[in-house]
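Architecture and fold: a report
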Amino acid sequence: MGQSTPKETQLSVPVYWEDAKQELMKRDRIMRRIIPMFGDLHLVGRGDPFTTLARSIVGQQISVKAAATVWQRVLAACQQCTPGHIVNTGPEQLAACGLSRRKTEYILDLADHFLAERVHASLWEEMEDEAVIAELLQIRGIGRWTAEMFLIFNLLRPNILPLDDAGLLRGISTNYFSGEPVSRSDAREVSANWEPWRTVATWYMWRSLDPVPVEY
């Protein structure tokens, strides 16, 4: 922890957050009700690109608590979460941390993509959303939802609408459709009013269901 934590957190706050809140509240009566409920809470960026993606693979299809336990074991086994350390740790030790055979293959493939520079992480900040997603989809175990979560939580992109996210659809259902099931088309229609701040609105949909942000 130490003294660096506040600085790191501050640097991770999206520069657009306050402007987005104000615009969303002006345009959307539901946002006008929800946003003030969460005061100064905001989206906070997570980690470096490789660590964020590795952690997302570890956490797939298991509980947050289980994912945290496995992740700590991986960190202990690897000493550092870098592509080189992951590869050097090897499949047997990674599996011993609690990773399934498939997840072990996925995290090694991720490391290989970074080591071989088949993805261009140093350029992602400047690349368009869909161009980053296209690169991430080359990596085994990373689908569109994981890529979109990466754009939200690592690159802090302001206008991501993760239509495969159950929490987003449930939030729209609860807040805009009185709990009735919603389709992707319904979600797109609602989100048209959120442009160009769909990330921010999505985050508030999540908070309306669970006030405490989960570390991604």
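Structure first, text after, so check above.
This section reports on the structure supplied with the text.

The rules behind the values
Residues numbered from 1 in each chain as written. Predicted model: local features only at pLDDT ≥ 70, side-chain atom pairs only at ≥ 80, totals over all residues. Heavy atoms only, no water. Helix = DSSP H or I, 4+ residues; strand = E, 2+ residues; numbered from the N terminus. Rg over C-alpha atoms; globule rule 2.2 N^0.38 Å. Buried < 20%, exposed > 50% of the residue type's maximum accessible area, 1.4 Å probe, protein only. Contact = heavy atoms within 4.5 Å. Areas by Shrake-Rupley, 256 points an atom, 1.4 Å probe, with all protein chains shown as cover. Lys, Arg positive; Asp, Glu negative; His and termini not counted. Charge placed at Lys NZ, Arg CZ, Asp CG, Glu CD.

Some thoughts on the overall build of the protein chain
When its secondary structure is counted, the protein chain shows 12 helices and 0 strands. Listing each helix as α and each strand as β along the protein chain from the N terminus yields α-α-α-α-α-α-α-α-α-α-α-α. Against the compact-globule benchmark of 17 Å for 216 residues, the protein chain has a radius of gyration of 18 Å, which places it among compact chains. Counting only C-alpha atoms, the protein chain reaches 55 × 40 × 35 Å along its principal axes. Burial statistics for the protein chain: of 216 residues in total, 45% are counted as buried. Of the contacts formed within the protein chain by residues at least 6 apart in sequence, a portion of 65% connects residues at least 24 apart. With an accessible surface of roughly 11,500 Å², the protein chain has 52% of that area assigned to carbon and sulfur atoms. In the protein chain, 23 positive and 27 negative side-chain charges are present, and the distance between their average locations comes to 6 Å.

With respect to unusual backbone geometry
A negative phi angle characterises most non-glycine residues, just as the trans form characterises most peptide bonds. Residue P196 is bonded to the preceding E195 through a cis peptide linkage, with omega at -5°. For P196, the position within the fold is in the loop between helix 11 (184–191) and helix 12 (198–209). A positive phi angle, close to 70°, is found at Q79, a residue other than glycine. Following the sequence through the fold, Q79 ends up in the loop between helix 5 (64–78) and helix 6 (83–96).

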